[in-house]
Amino acid sequence: MSSDSNLEMMAYLADRLTSLGARTELFTDPSGHKANLFATLGPEGPGGIVLSGHSDVVPAVADDWTSDPFAMVERDGRLYGRGACDMKGFIACALAAAPDYAGRDLARPVHFAFTYDEEVGCLGARALTEELARREIRPEIAIIGEPTEMRVIEGHKGCCEYTTRFTGAAGHGSAPERGVNAAEYAARYVARLLALREELHARAPEHGRFDPPWSTINVGRIEAGVAHNVIAAHAEVDWETRPVQPADGPFVTETMRAYAEEELLPAMRAVCPEAAIETETVGEVAGLIPMPENAARRLVSELTGANGAEVVAFGTEAGLFQSLGLSAVVCGPGSIEQAHKPDEFVALDQMEACLGMLARLGPRLAAA
Ligand SMILES: [Zn+2]
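Quick summary incoming for the structure in this document. None of these values were measured; they are calculated from a predicted model.

A few points about the pairing of strand β11 (residues 234–242)
- When strand β9 (residues 159–167) meets β11, the two strands line up antiparallel, connected through eight bridges. Within β11, the residue paired with C160 across the bridge is T241.
- Bridge analysis of strand β10 (residues 216–224) against β11 gives eight bridges, and the strand direction is antiparallel. Residue N218 lies in a different strand from β11, and its bridge partner there is E240.

The structure is reproduced here in structure tokens:
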């Protein structure tokens, strides 16, 4: 799970790739508890293709499963286990294709990018893409193997999650003006978020392909106060926005920052100078913007025989690779329908389709 160390898994993957002659590096996170793996077969230098997958999974409640979620079993042409489709199936396929790539005289490098903490805000991919930028490693194409039933996905919304905390001043409910009611300020903040929703609606790009075609806001959790007759000293609001275009993210955060600092805080501090509003960024996952020209879409469409590419509602690490300057698509075995659920599985024919795509990639990497 995302909360556990992935070092053992990464060491195993690194071993396998190193034994094939890959240049392999592990980048640990600040805790030393988790690592990204970046391995390269073929020539040094720019260009080439990244096969990307995340190593973490969401938790599983064993009682809801037919078999042990953390021991893979095959039943009826399906592989069951937590992470089977999301997205260890793809990682297994990439590893299975690696010996073929290693045996070829590659004209372009193929990179394996396996990351940590995707499920909790794409933290690993963020660190990895920053590291690649710092080292000026510039691959051309990224294939992110999230489960798409091997369809080619060229766009998804971003996902930005925040927790906003309000600190007021407690007091007796009979004298509201002598305290600072954090619950009431949180309510005003939420009302402003809801008004922003309408503004985002109006900003929706023409001919948008997302469903819905505008950036959304969701208020997921509100918590405040202790009792009827006590002025609430603390409040918390969990909220998220899913931008359909990059500018909508900063538009939302900047509007809310200005509202908090210029409207709410002065009123709070007029009563209690220590009053505060703080917004914590839980995760900001960049969207994958559909591009008119997309080398990844062209390549993966040729490899899979897909005609046309789609957009989806779920977020992936593809947007981070795109912001690094790569052309990126999402394409992998299994269905998102099974992800994050009990009895998650990936069908064997999906694995075969993915292996087929990766096998057809080999000759393309070798051709000058
Ligand atoms: Zn995933």
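Examining the packing of aromatic side chains
- All told, the structure shown has five aromatic pairs when counted by the stated rule.
- Summarising the aromatic geometry, the rings of Y162 and W239 are spaced 4.8 Å apart at their centres and angled 35 degrees between planes, so their arrangement reads as tilted. Here W239 lies in strand β11 and Y162 lies in strand β9, a separation of 77 residues in the sequence.
- The buried category is assigned to Y162, whose relative accessible area is 4%.
- Note on F166 and Y189: the rings are 5.3 Å apart at their centroids and 75 degrees apart in plane angle, and the pair reads as edge-to-face. Pair noted here: F166 is in strand β9 and Y189 is in helix α4 (residues 182–203), with a separation of 23 residues, a long-range link. Comparing F166 with Y189 shows no difference in burial state: the two are buried.
- Over the face of the ring belonging to Y80 we find R75, whose NZ or CZ atom lies 4.0 Å from the ring centre.
- Of note, R78 hangs over the ring of F345, and the distance from its end group to the ring centre comes to 3.9 Å.

A short note on the pattern of salt bridges
- Applying the stated criterion to the full structure yields 25 salt bridges.
- Residue E310 is joined to R151 by a salt bridge in which the shortest nitrogen-to-oxygen separation is 2.5 Å. In this pair, E310 is assigned in strand β13 (residues 310–312) and R151 in the loop between β7 (141–144) and β8 (153–156), connecting sequence segments 159 residues apart.
- Note that R221 and E223 form a salt bridge whose closest N and O atoms lie 2.7 Å from each other.

A few points about the coordination of the zinc ion
- Donor atoms from the polypeptide that bind the zinc ion are H54 (NE2), D86 (OD), E146 (OE) and E146 (OE), placed at 1.8 to 2.5 Å.
- For the zinc ion, the four donor atoms in the first shell make angles of 55 to 143 degrees at the metal, so the coordination geometry reads as irregular.
- Spacing between the donor residues of the zinc ion along their common chain follows H-x31-D-x59-E. Taken as a pair, H54 in strand β3 (residues 49–54) and E146 in the loop between β7 and β8 lie far apart in primary sequence, 92 residues in all. Of the two residues, H54 and E146, both sit in the buried class.

How each quantity is defined
- Residues numbered from 1 in each chain as written.
- Predicted model: local features only at pLDDT ≥ 70, side-chain atom pairs only at ≥ 80, totals over all residues.
- Heavy atoms only, no water.
- Pairing = 2+ DSSP bridges.
- Helix = DSSP H or I, 4+ residues; strand = E, 2+ residues; numbered from the N terminus.
- Phe/Tyr/Trp six-rings, centres within 6.5 Å; stacked < 30°, edge-to-face > 60°.
- Buried < 20%, exposed > 50% of the residue type's maximum accessible area, 1.4 Å probe, protein only.
- Lys NZ or Arg CZ within 6 Å of the ring centre and 35° of its normal.
- Salt bridge = Lys/Arg side-chain N within 4 Å of Asp/Glu carboxyl O.
- Donors = N, O, S within 2.8 Å, 3.2 Å for Na, K, Ca; no water.
- Tetrahedral: all angles 85-135°; square planar, octahedral: opposite > 155°, others 65-115°.

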